[in-house]
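Letter by letter, the chains look like this.
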Amino acid sequence: MTQAPASKKPAKVASKGKPGSPAKGPDLLTHPIFDELGFQQDPNNLYRQTVSSMLQAADLMNLPHQLKIVLAQPKNEIMVNFPVRMDDGEYRLFKGYRVQHNNALGPYKGGLRFHHDVHLDDVKSLAFLMTMKCSLVGVPFGGGKGGIKVDPYKHSKAEMERIVRRFTTAIAHQIGPDYDIPAPDVGSNAQHMAWIADTYTFLSEVGGHQPEAVITGKPVEFGGSLGREKATGQGVVDTLIEMLPELNIDIKGCKVSILGYGNVGSWTGRILQDRGAKIIAVMDHTGAIANDGGIDAYALAQHCQKFGGVGGFKNADKIDKDEFYQTKVDVFVPAALEQMIQEPEAKMLNCKVVAEGANAPTTPAGERVLEQRGIEVLPAILCNAGGVTVSYFEWVQNKTCKSWDLEQVDHELNKHMIRAAGKVRDARKKYKCGLRTAAYIGALERLKAAYEVRGIFP
Ligand code: NAD
């Protein structure tokens, strides 16, 4: 499966409105902190966009200035270049990243993205979002993210194994079960996690306990947790079940469209179908399909496994990109890459709710359109927090040498998701703001409380 990069069309810049709501006009992304820290001036820069949303929330709750600057930049930005022998005997140089955003609440935690279009600022944004997500969902982790600039679908299994093991060696002294715990993300999978755990275990053989706890999302046969593979989709569905009633939408019979049918999209689709919802349109990098009578989410997942994407799926009509966005549904789930819902897509969407399965799928300009059109957005730091939550359970199981059954995993996950949704609802009520701002406030309140007792060294 080859992934096309998310389109990076220039989004129109909007202005600052009342705190806590997506702003209107030409200066949405301005903030004194950006000038103080010398941020890139580009309003389409993903890092500037994500931090901008957090700063709106921080202003609204009067977060102290020192916490705004601490959270606006990652603690560590690690870049490595490493050579790997290809199957034909030639060597190629690869670039890898690990960004450690914040560890005030616990070890850095976040996925590794294997994609040909990975850049430092993307990784910084994703690491930042992990800090916010872990805080909101109440797990004892900070935020990190990493990746390798590589298209995993263009390499043999043997080449990928060498790339992954060499990358692990390059960053081994920067990660650890009690310091920084990576996981899968776009383009990486349980097999890659197993190679990382094995390489790390080999390198740390002389000391250290539970070295396999250095990474989560491992295969169940090698320290992985039951329920981890579906966890992010499960969390999206748990969030919908919690939030839909107040939006007067019944999950039974509710119509859904999904952008991206990889791990997050396909599990969200399958679990929603189990709950009585109907998946009527899906798009990925291979095309778009629709069937108003419902697409069998399980059959589509099998098709994608076999053929690498939704293209060619029988029992659905092939549609074009615009038709996909215009399909009338109750819930639209973006579960592909960042910045895919820009102004034009937001104008086309014909839904009541956007449930962000992907990280940062909606640009500020896209969000402004959605708000004007009365479309509710369930923000990613709430909606897709199920993955890191079950990663936490995997880490706990590794550390305590125990294995939980699936029922326990699902039950504990549900408890975390309901609690996080409650925090968002409370913040929205208290600050009279949108759900994204409320989610950031929920996350920032916990970070603020931790910094108040910890202080900032020295
Ligand atoms: P994945 O690689 O399994 O799937 C990505 C999907 O996006 C694929 O279906 C691919 O076809 C589609 N896609 C890529 N480029 C596209 C394009 N230009 N147009 C349409 N579709 C395109 O990745 P994933 O693990 O499902 O992650 C998806 C998103 O969810 C990412 O933003 C990731 O950071 C986020 N996320 C993942 C997890 C997790 O546990 N895997 C957890 C939290 C958040």
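What counts, and at which threshold
- Residues numbered from 1 in each chain as written.
- Predicted model: local features only at pLDDT ≥ 70, side-chain atom pairs only at ≥ 80, totals over all residues.
- Heavy atoms only, no water.
- Helix = DSSP H or I, 4+ residues; strand = E, 2+ residues; numbered from the N terminus.
- Rg over C-alpha atoms; globule rule 2.2 N^0.38 Å.
- Buried < 20%, exposed > 50% of the residue type's maximum accessible area, 1.4 Å probe, protein only.
- Contact = heavy atoms within 4.5 Å.
- Lys, Arg positive; Asp, Glu negative; His and termini not counted.
- Charge placed at Lys NZ, Arg CZ, Asp CG, Glu CD.
- Pairing = 2+ DSSP bridges.
- Axes fitted to C-alpha atoms, helices over the stretch in contact; angles between N-to-C directions.
- Near = heavy atom within 4 Å.
- Polar contact = N/O pair within 3.5 Å; in protein donor to acceptor, adjacent residues only side chain to side chain.
- Areas by Shrake-Rupley, 256 points an atom, 1.4 Å probe, with all protein chains shown as cover.
- Nonpolar A, V, L, I, M, F, W, Y, C, P; charged D, E, K, R; others polar.
- Domains from an automatic or database assignment.
- Parallel < 35°, antiparallel > 145°, perpendicular 65-115°, else oblique.
- Left-handed = near helix turned anticlockwise from the far one by under 90°.
- Core = buried A, V, L, I, M, F, W, Y, C linked by side-chain atoms within 4.5 Å.

Novice: Even after reading the chapter, I still don't get the overall build of the protein chain, so can you show me in this structure?
Specialist: A count of helices and strands for the protein chain gives 16 helices and 12 strands. Relative to the globule expectation of 23 Å for 458 residues, the C-alpha radius of gyration of the protein chain, 21 Å, shows essentially globular dimensions. Across its three principal directions, the C-alpha atoms of the protein chain cover 60 × 60 × 45 Å. Counting over 458 residues, the protein chain shows a buried share of 60%. Taking the contacts inside the protein chain whose residues are at least 6 apart along the sequence as the reference set, 69% of them involve residues at least 24 apart. Side chains of the protein chain give 55 positive and 51 negative charges; the mean places of these two sets differ by 3 Å.

Novice: Teacher, can you tell me more about the sheet that holds strand 1 (residues 76-85) here?
Specialist: In sheet architecture, strand pairing relies on hydrogen bonds along the backbone and comes in two forms, parallel and antiparallel. One open sheet holds the 5 strands; their spatial order is 1-2-4-3-5, and the pairing between them is mixed. Single-partner strands in this sheet number two, and they are strand 1 and strand 5 (180-184). With direction set aside, neighbouring strand axes in the sheet form an average angle of 20 degrees. Alignment of strand 1 against strand 2 (residues 91-102), held across 10 bridges, turns out to be antiparallel. By the bridge assignment for strand 2, Val80 is matched with Gly96.

Novice: Looking at this structure, I do not really get the site of the ligand. What am I missing?
Specialist: Close to the ligand lie 26 residues, the nearest being Asp185, Thr232, Tyr261, His285 and Asn359. Residue Arg113 places a side-chain N or O atom 3.0 Å away from an oxygen atom belonging to the ligand. Between an oxygen atom of the ligand and a side-chain N or O atom of Arg228, the distance comes to 3.4 Å. Considering the ligand on its own, with 830 Å² of exposed area, one finds that the protein chains cover 93% of that surface. Looking at side-chain class alone, the shell around the ligand contains 11 nonpolar, 10 polar and 5 charged residues. Residues lining the shell around the ligand come from more than one domain, with at least three contributed by each of domain 2 (76-208) and domain 3 (231-383).

Novice: Help me out: how do you make sense of unusual backbone geometry in this one?
Specialist: The phi torsion of most residues other than glycine is negative, and most of the peptide bonds are trans. Residue Pro458 is reached from Phe457 by a cis peptide bond, and omega for that bond is -5 degrees. By secondary structure assignment, the location of Pro458 is in the segment after helix 16 (435-454). The phi dihedral of Cys401 falls on the positive side, at around 55 degrees, and the residue is not glycine. Along the chain, the position of Cys401 falls in the loop between helix 14 (386-400) and helix 15 (406-431). Residue class for Cys401 comes out exposed when judged on its relative accessible area of 67%. One non-glycine residue, Lys432, lies in the positive phi region at around 50 degrees. Its place among the elements puts Lys432 in the loop between helix 15 and helix 16.

Novice: Before we go on, may I ask you to explain the packing of helix 2 (residues 46-60) against helix 4 (residues 120-137) in this structure?
Specialist: Pairs of packed helices are described in terms of their axes, by the angle between the two and the distance that separates them. The N-to-C vectors of helix 2 and helix 4 enclose an angle of 25 degrees; their axes lie 8 Å apart at closest approach. In terms of orientation, helix 2 lies roughly parallel with respect to helix 4. Crossing hand, helix 2 versus helix 4: left-handed. Contacts between helix 2 and helix 4 involve Leu46, Tyr47, Thr50, Val51 and Met54 from the former and Asp121, Asp122, Lys124, Ser125, Phe128, Leu129 and Met132 from the latter.

Novice: Would you explain the nonpolar core in this entry?
Specialist: Met54, Met132 and Leu444 are the most contacted members of the largest nonpolar core, which totals 92 residues. With 10 residues, helix 16 is the largest single contributor of residues to this core. If near-sequence neighbours (up to four positions away) are discounted, Met54 is found in contact with Lys68, Leu71, Ala72, Phe128, Met132, Tyr440 and Leu444. In this structure, Ile78, Ile175, Tyr200 and Val214 belong to the second largest nonpolar core, which totals 25 residues.

Novice: Which parts of the structure should I look at to understand the sheet that holds strand 6 (residues 255-259)?
Specialist: What the 7 strands build is an open sheet, ordered 9-8-7-6-10-11-12; its pairing is mixed. Across the chains shown, the open sheet's two edge strands, defined by having one partner strand only, are strand 9 (317-319) and strand 12 (376-378). Within the sheet, the average angular offset between the axes of one strand and its neighbour, ignoring direction, is 25 degrees. The pairing of strand 6 with strand 10 (residues 331-334) spans 4 bridges and is parallel. Across the sheet, the residue bridging to Leu259 is Pro334, located in strand 10. Relative to the sheet, helix 7 (residues 231-243) contacts strand 10, strand 11 (353-355) and strand 12, its axis offset from that of strand 12 by approximately 140 degrees.

Function cannot be inferred from these measures alone, as they are strictly geometric.
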